[in-house]
Every structure is written in structure tokens, then in C-alpha cells.
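Coordinates in review
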Amino acid sequence: MALTNGWRDLLGVLILALIVLQSPPGVLSQRKPKNMCSKQGIFNSTTKRCTCVTGWTGPLCNDRFCPAGHDWLAAPHGHHLAHKDHVECSGVGECDRLLGTCTCKTGFGGAACEKMVCPKGATNSTGEVVKTCSGHGRCMTLREMGGVWTGNDNLEIGGLVYKPRDYNLWDADQIQGCVCDPPYTGHNCSLKSCPYGDDYSVRFDPYGQITHHEVMRIECAANQGSFRFAFRGVSSEEIPFDAPQGRVKHILEKMTSIDSIGVSMTSSTICGNGSPTITTITFLNQAGEMPAAKVTPQSNLKLNSGASPAILNMVTQFVMECPMMQKAVGHVGSMHLKYDGELTRAINYTASVTDVESAIRNLTTIRHHSDYGHINVTAGSASPLSTYGIEICSYLSHVNTTIELRSEYGNLHMLDAVNDIFREEVDANITMHTSKGTTQAKLCSDRGHCDYKSGTCECFFQSTPFVDIKRRYESSDGNGNPGRRGDCGYAQVVARKCPDGLTNIDDPLSLETCYGNGFCDNSTYACRCSEGYQGSDCSERVCPSGVGWFDTVQGDGYAHQTKRECSGQGACDRVSGHCHCENGFTGEACDKIICEEECNGVGVCQPLHKLAEYAVVNGEATEYVYGNPDANFNSKATWDREMFQSCLCDGTFLERDRQGPSDTFISGLYVNEPKVLGYHGFACKKAYCPHGDDPSTPGVNEKQTVSCTLTTGSFTLTFRDKITASIAYDATAATVKAALEALNVVETVTVTLNAANPCDAVPSGFVVEFTGNPGDLPLMKSAPSFTVAETIKGTKEFAECSNRGVCNSNAGQLAGMCYCDWNYMSSDGNGGRGTRRDCGKYDEYGQAVGYFTS
């Protein structure tokens, strides 16, 4: 039954009384004259507003600010620009205004939700105690990890860790991860790695040379003082300048990162009593290429009692071998040397060693962007003399050119030859000899399974029913002999058959070589796994990989360039090949931030680059671009374009201010409009409240003049991406007004014609004054295109609840409603009483109270 006007008035009074009774405890008592400002601000009688002290906000200064940080997930605010700073709770938390504390989205932590939390794990096999990094590692930020050189080769975070590197992008102090204590591994340090060893069935490197262990060289000249040697995060005790060979070996082998080494010197002591001495360190049973080492002088290391600086370097040596060329027979061409991914200029086969030195020194990875600081390059050759001087290739004999890189760090990047030198139309075989270890460091020597719970290798052993043993591997000494390394590197019975296993555990006849997931290399009887499988017998599945959330800082200013299994935010199930992601992450490779509760049913989950496309500034679409879809061309700063995703929420605060509750009263006026909300927040759980002008501060409306030149036909106007219906060239002002106010982004306007018609061949134009849309507005557009000029810039505020109330943004019946300050009520958008629920009307009689009358 329809309500009569009398009943509606009575119902309005009853609702007012009900709201007053149901207001939260303390709310009404806070609606005092603002001269108190909760004792946390100063009341300005002119603006009728509190100026709050630091840390407090709100109309009465009774709300606390929450800590702020870089916004994690908000839509980009410019081309290739995202992650604004000074955002409360970093955009991924809810602020408790009473306490001033953030409640963070899953996966984030810190006072401002500014940290990506480190994964946790059980500290023991029973899983009774759960700690960060499983209690077996350090939770570090990217900046912390990049700024501390450890020399540790942590395969879980992208490879070898080199010198300290500056990382200053927005996430330097926000993204965290686990750096595991040896021998622990895994994204949360919950796994215990097994020993690595060499598979001695593989005896030749890619150049066809016999594999060998790592060799490092130290150059020192001093006659007083000492220095230290650091390797894999462990530093030695002080090494005296006059330490002989035996003492050096003893000091270095006391380091937990070094097993057994051989030491030789070109003098009787390590620093030669003032003469430059080369000390050679050979790793006798640690397989594979070693990470960088470092020498650090103590302050007392001197030469000639301080008259000359001491010499202390590590020397990384390469020998480039060029075969003998044939005189006057078609030998042509050049080559390049490659260091840290960068090629030198072309080096002709007739080049001298000086040319080689110059080519290497001019590499940016040596001169300007070295991973190891200053590097001194020298080259020498045993080439016979010719008219060209000392050449790198000769027709008299083969030539060895020795290239040495000196730095405080040793064992630098590999130097490779990229050859294009021909001898009688056949490639000349340029060979690069290196002191880097060329043996293969493989888990359990590739001859057993790793038990990641205990960190022990289960070595292969197989025999037939007739005791014909096909293979038997046991612990070695690191050199293929019996020993205690637990690495399956000793072949007690050399394999004569590749490992096999049941492809169906319930079918004893399903036994297949390499589990049917690879093929047998009959030269070594080792399995070579198909794509998607791994392990010595190809029985384990490989999980999807993605860009690492937390990986090695690979150069000054960038990271996130290394692929990691499960992106370093999940554990791999080796049976199914599926990632089990940490809370807060999703995707096959755990490479995406999860959208909570699928955006609360009022939004859609989108990656950053899609949010950029939908970004809006002052009500107009921007179509920002964020990153490049081709990973090869994507900027290092926009690595997160696909990985960071958030909610694109329904509606905006620009399109719903004219909507209101149904069948009720606002400022004493009956309203029966549908309640259509706009939402915001990382999970779309926050409702927008009306925005409007503060009636107690000065300001003017925006005015725009349209110069229409039509003499026939019609035109349209576009405001905030909304297009009007067609407007005749000779329409009335009322028609133009109606067309604009039909747009859901226009509140009210007045239209003034400067001539008889809106359009004319010599246009006088017409003026649109936006009486219901406060603020500096975007220019309208027209079709056909006319000149649109801003006649008067709008200076009124466009603020939530007109800066005169508190927004109830939480879900519920009153979501999206303003609770107005004392003496303020709902306006018509232009200072009069209306139904916008925006607190934009000053109520001099003090009658307004409650949500629906505000």
C-alpha cells in the first residue's frame, strides 16, 4: 500500500529516532561542537574544522593514522609506473582507526603490511614446531641479501652470489625470502640437501679436455701484517705475511667451507717477504665450479714498512690456445671473447696480445658494471716474433695466450671464445683452458637418490637373482675412491645397466628403464631424462617454474630475472609435479598474488598490466601501459606485470552519488531510488561513500565553453567517457542541459547560450556550468570536434563526505553511508538540501543526526 505524505513524515521521524537509538556507543557523544577536537587538534572557527596533530585524522581528530608504505597492488598511476609510496597499510591491509594498526592480507606482514612474509616450515620431522624459514635460515629483504656478499652458492635463490650489490627499487625493503643455513635448502629451508659429487663416468669437458678440480690463485707481496681469505660465507683466521705452505694449508682447511686442498707457492712464504708470490690452491675433492672467493687485507699488511702499498690480489687465469696456421693458405677471420654475457669487439687472428687486453678492458662488464669491482686485465703470449709482433695465432706454431684477471675477488666469470677463424675453409679450433673446476657437481653424484628429510644419499645397488651385480655405488673421497663424503661417488661395481623402476606400483611387469621417463646413455649407463622429469633414474617430476619472488640481486638495480621452481613460494610434489603454494599465492608456478575471496563477488581479479589499461584519472580512462608482454623486452622495473594481481572492483564514486536508499527519508525528503554501490580496496570489501563540496570553505563551479560551428545536423558531448544522445545544432539550452544530466557522471548543470542557437558558422558558443560536480573537471569532448575551453576552473572540493563526515565503508545495510558531523546534512550538490547523502549542506539549526538524515 502506498504511503500518504502524512504517514511518510511520521515514518521519517520514527526512522530518525531509531537511528539515534541504534547509533554505536560513543558516536553521538562525539558529535560535540568541534572546539574540543578530541584534545588532538585545534578548532578553526572560520572553516569550522579541526586541524589534527600528527598521527590523528578525522573530523574530530579521534581516528588514528596507520603506518604507510609502498602500495603493493593498486593500478599503475602512469605509463610503467606503479607502487606509490606513503599508502596506508601499503594497500593490502585494513586500518583499525581506534588503535592505528594494520590487519594485513594473507602473505603480508609488518607494521604497514609493507613486507612479503617469509615462508614458515616445521623445524623437525614431527611438524610440532613451525618457525620462519623452518628455523634453518635467515629471513632477509632483497636489499639485505644484495648488500651482504657471502660467497655462498645458493642454488635455491638463483645461482652463485657474488659481490655486494645495490638494489634500490621499490621492493628492496618489502620482498623477503629465506636464505638457508647449509646444508638446508628449499623455499622455506625445510629440506636438508644431500652431498654433491662427481660422476666419474664423465671425464671430458665441452672442449674435449680431461675434467679437473678447481684451482685458485692468490698474489701477495708484503713484509709485515696479515690478510683473510673468504669462501662460501666463511672467513679464515688471519694469514700472516710470512706463512709457509703448510701453515696456509692448515689455516684454510680449518674453514668449514673447505674440505681438502693442495697448496703450492712460487716462494717460501705466501707474501714472498716483499716479492710478489703466487700461491696456488687446488680443491682436491669438491666437484664442480666453485663460487667466487675473496681476500681482504688487514690494516697492518704493509710492504717496505709502509713505504709502498702491499700487493694482494686473487688471480683468475685463462689460457687461449690457437692452432698453428698455414702460411699463405686461406686462413682468415676473427673471433670474440665473451665475459659475463657480453662480447668483445672482433679480434682478428693477426691481433696482438695488446689488442686482446684492450678488447677485454673495454667491456662494460669489466670497466663499469663489474660484479667484482675493479679488475686489472693482463695478457701474455709465447708466440714467435713476426712482422706483426706477438700474435695470438701464428703460422710457425700453435700459440698459448695467457689472460689474467686480478681483483680482490677470485674465480671470476668464465671467459669463452666465440670463434670465426678459418684455416683452409675449416674452423680453426680455438680452445680456452680454464682454472675453473670442470668436474660435475651432481646431487649424490647422479648415482643415487637424495632423502631430503635426513640429507643422506641412497646409493644405487642392483643385483639379479643369480647375484650378478649390475651396479653398486658407495661413498667416495671426492676423487672416485672409497671415502666418507656420502656422495655415491665411488663405483664399487661399475654400472652395466641403467636404473629402472615400476611405472605402475601395482604391476610387477611394468618395470622400465629410467622409469620410462628418459633414455639410457649406454656410454655411462646414466639416465638422460625427458622434459618434465629429473633424478638419477628419472623418477621425479619437475614442477612449473616462474620468475622468482625472492632471488639473487643480479646487478646494481635489478633482480627477479631468474626462473625458480614454484617461483620460490611453494613446495614441489615430486610425484604429481604440482606446486603447493604458500598462503597468499596462486598459479601453476605460485607466480601470482591471490585475489582474496575472488573480490567479494563485486569485482574481477586482474594483473597489474590489465589494471593499468582500466586505470581512471579524474573520471577518464587513461589506457596506461605497464611493461612489455615479451619478457625479452620487458623492463627490469616492471617484472611484476603478470605476477601482481588485484581486484578491479565494480562501480566508482563518480557514478553513484545520485543514488540513494529505497523508500526512506534523506534530509527530510522522501527517496525511493535503488542503492547501487561502488567498491574499492584490494578485496572490494570497501564501499565508496558520496563525495561532495565542503560548504564551509570558499570555491567556485567549473565552467566550460563549447564553440560549435554546425549549421545543420547534430552533435554529441562526452564527459568522463560517457556520451550524450544526439543534440540538434539549434537545440535549446534546456535540451542541452537534459542531455548532459542524463549521463550518470553528471549531477546538475546550467547551460547558457551566447546566441540564439548552441551552434553557428561564426560560433558564439554556449557555456556549461557544472553546479553539481565540484572540483577541477576534465574538459568535455565533442563529435564533430569543436573547441572546448575551460572558462573558469572549478575550485570546490570533491571530497569523501564533503570533509564533513565519516564514511561507513564496511559491508552491511549502512555500507556507503556518511555519518555527518554536527550541523551538517545531505546536500543537492550545490549547497542546498538534497538527497546526495554527502554531508554537503550546513544545518544551522542543528537538526541533522544519524545516517539517513545526513
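Please read all numbers here as calculations on a predicted model, not as lab measurements.

**Examining the overall build of the protein**
Per the secondary structure count, the protein includes eight helices and 76 strands. Expressed as a percentage of the 854 residues in the protein, the buried residues total 46%. Contacts in the protein between residues far apart in sequence, at least 24 positions, make up 60% of those at least 6 positions apart.

**Observations regarding the state of the cysteines**
Tallied over the entire structure, the rule returns 26 disulfides. Across the disulfide, C566 is cross-linked to C579 (sulfur-sulfur distance 2.1 Å). Its S-S torsion of about -90° marks the bond between C566 and C579 as left-handed, since a negative value means left-handed. In this pair, C566 is assigned in the loop between β50 (563–565) and β51 (570–573) and C579 in strand β52 (residues 578–581), connecting sequence segments 13 residues apart. You'll find C566 and C579 in the same group, each marked buried.

**Regarding the environment of E702**
Note that E702 resides in strand β64 (residues 702–707). As a C-alpha pair, E702 and L777 span 75 residues in sequence and 6.8 Å in three-dimensional space. Not counting residues up to four positions away in its chain, the partners in contact with E702 are V768, E769, F770, G775, D776, L777, E790, I792, K793 and G794.

**Points about the pattern of salt bridges**
This structure, assessed with the given rule, holds 30 salt bridges. E237 is paired through a salt bridge with K254; the nearest N and O atoms lie 2.7 Å apart. You can see E237 sitting in the loop between β22 (234–235) and β23 (239–240) and its partner K254 sitting in the loop between α4 (245–253) and β24 (261–265), a full 17 residues away along the chain. Overall, the relative accessible area of 48% leaves K254 in the partly exposed class. Residue K497 is joined to D500 by a salt bridge in which the shortest nitrogen-to-oxygen separation is 2.6 Å. For K497, a relative accessible area of 28% translates into the label partly exposed. For D500, a relative accessible area of 19% corresponds to the buried category. Taken together, the salt bridges that share partners define one network made up of R49, D694 and R804.

**Remarks on the side chain of Q569**
You can see Q569 is positioned in the loop between β50 and β51. On the accessibility criterion, Q569 (3% relative accessible area) is buried. Apart from residues no more than four positions distant in its own chain, Q569 is found in contact with M116, H187, W549, C581, E582, F585 and C590.

**Observations concerning the sheet that holds strand β68 (residues 749–753)**
Read from one edge to the other, the open sheet built from four strands follows the order β68-β69-β64-β71, with strand pairing classed as antiparallel. Of all the strands in the sheet, the pair left with one neighbour each is β68 and β71 (787–792). The average undirected angle you get between the axes of adjacent strands in this sheet is 25°. In this sheet, strand β69 (residues 766–770) lies alongside β64 in antiparallel orientation, the contact comprising five bridges. Residue pairing for β69: Q704 is matched across the bridge by V768. Seen against the sheet, helix α8 (residues 733–741) touches β68 and β69 and runs at an angle of roughly 150° to β68.

**Side note on the nonpolar core**
Of all hydrophobic cores here, the largest spans 35 residues; its most connected members are W72, L73, M116, I175, W549, I593 and F644. At the level of secondary structure, the elements contributing two or more residues to this core comprise α3 (142–147) and α7 (608–613). The greatest single-element share of this core, amounting to three residues, is contributed by α7. When sequence neighbours within four positions are dropped, the list of residues in contact with L73 reads V92, K105, I593, L608, L611, F644, Q645, S646 and F682. Counting 31 residues, the second-largest nonpolar core is a separate cluster that includes Y349, I392, A417 and M432.

**Looking at helix α5 (residues 353–361)**
Among all positions in α5, only V353, V356, E357, A359 and I360 are buried. Buried residues in α5, looked at end-on, bunch into an arc of 165°, giving them a common side.

**As for the pairing of β52**
Across four bridges, β51 lies against β52 in antiparallel orientation. Following the sheet pairing, A571 is matched in β52 by H580.

**Some details on unusual backbone geometry**
Comment: phi is negative for the bulk of residues other than glycine, and the bulk of peptide bonds are trans. Here the amide bond leading from P182 into P183 is cis, since omega sits at 5°, within 30 degrees of zero. Take P183: it is sitting in the loop between β16 (176–180) and β17 (184–185). Of the consecutive residues A783 and P784, the connecting peptide bond is found in the cis state with omega at -5°. When you line up the elements, P784 lands in the loop between β70 (781–783) and β71.

**Description of the environment of R471**
With respect to the helices, strands and loops of the structure, R471 is situated in strand β41 (residues 469–474). The class for R471 is buried, based on a relative accessible area of 4%.

**Details of the side chain of E404**
Mapped onto the fold, E404 is located in strand β32 (residues 399–407). Among the residues examined, E404 registers a relative accessible area of 17% and is labelled buried. Within polar-contact distance, the side chain of E404 engages the side chain of R406 at 2.9 Å. Residues within four places of E404 in sequence aside, it is in contact with V315, T316, Q317, N376, V377 and T378.

**Thoughts on the pairing of strand β25 (residues 277–283)**
Within β25, five of the seven residues are buried, leaving the element largely enclosed by the surrounding structure. Direction of pairing for strand β20 (residues 215–221) relative to β25: antiparallel, over a ladder of six bridges. Pairing of C220 across the sheet is with T277, part of β25. Pairing between β24 and β25: five bridges, direction antiparallel. Bridged to I261 within β25 is F283.

**Some thoughts on the packing of aromatic side chains**
Per the stated rule, a full pass over the model turns up 14 aromatic pairs. Summarising the aromatic geometry, the rings of F715 and F786 are spaced 6.0 Å apart at their centres and angled 75° between planes, so their arrangement reads as edge-to-face. Here F715, found in strand β65 (residues 714–719), pairs with F786, found in the loop between β70 and β71; they are 71 residues apart in sequence, far enough to count as distant. In this pair, the class of F715 matches that of F786, namely buried.

**A few points about α8**
For α8, the full list of buried residues reads V736, A739, L740 and E741. Tucked inside the fold, the buried residues of α8 contact β65, β67 (727–728), β68 and β69.

**A look at the confidence of the model for the protein**
Mean pLDDT over the protein works out to 85, with 85% of the residues at or above the 70 mark. This stretch, residues 153–161, has a pLDDT under 50; its non-local contacts, to residues over four places away or in other chains, come to 33 contacts.

**Observations concerning the environment of S539**
Examined against the element boundaries, S539 turns out to sit in the loop between β47 (533–534) and β48 (540–541). Once you skip the residues sitting within four places of it in the chain, S539 turns out to touch H449, Y515, Q534 and R574. Side-chain polar atoms of S539 contact the side chain of D537, separated by 2.7 Å.

Thresholds, definitions, all that
- Residues numbered from 1 in each chain as written.
- Predicted model: local features only at pLDDT ≥ 70, side-chain atom pairs only at ≥ 80, totals over all residues.
- Heavy atoms only, no water.
- Helix = DSSP H or I, 4+ residues; strand = E, 2+ residues; numbered from the N terminus.
- Buried < 20%, exposed > 50% of the residue type's maximum accessible area, 1.4 Å probe, protein only.
- Contact = heavy atoms within 4.5 Å.
- Disulfide = S-S within 2.5 Å.
- Salt bridge = Lys/Arg side-chain N within 4 Å of Asp/Glu carboxyl O.
- Pairing = 2+ DSSP bridges.
- Axes fitted to C-alpha atoms, helices over the stretch in contact; angles between N-to-C directions.
- Core = buried A, V, L, I, M, F, W, Y, C linked by side-chain atoms within 4.5 Å.
- Arc of directions from axis to C-beta.
- Polar contact = N/O pair within 3.5 Å; in protein donor to acceptor, adjacent residues only side chain to side chain.
- Phe/Tyr/Trp six-rings, centres within 6.5 Å; stacked < 30°, edge-to-face > 60°.
- pLDDT = per-residue confidence, 0-100.

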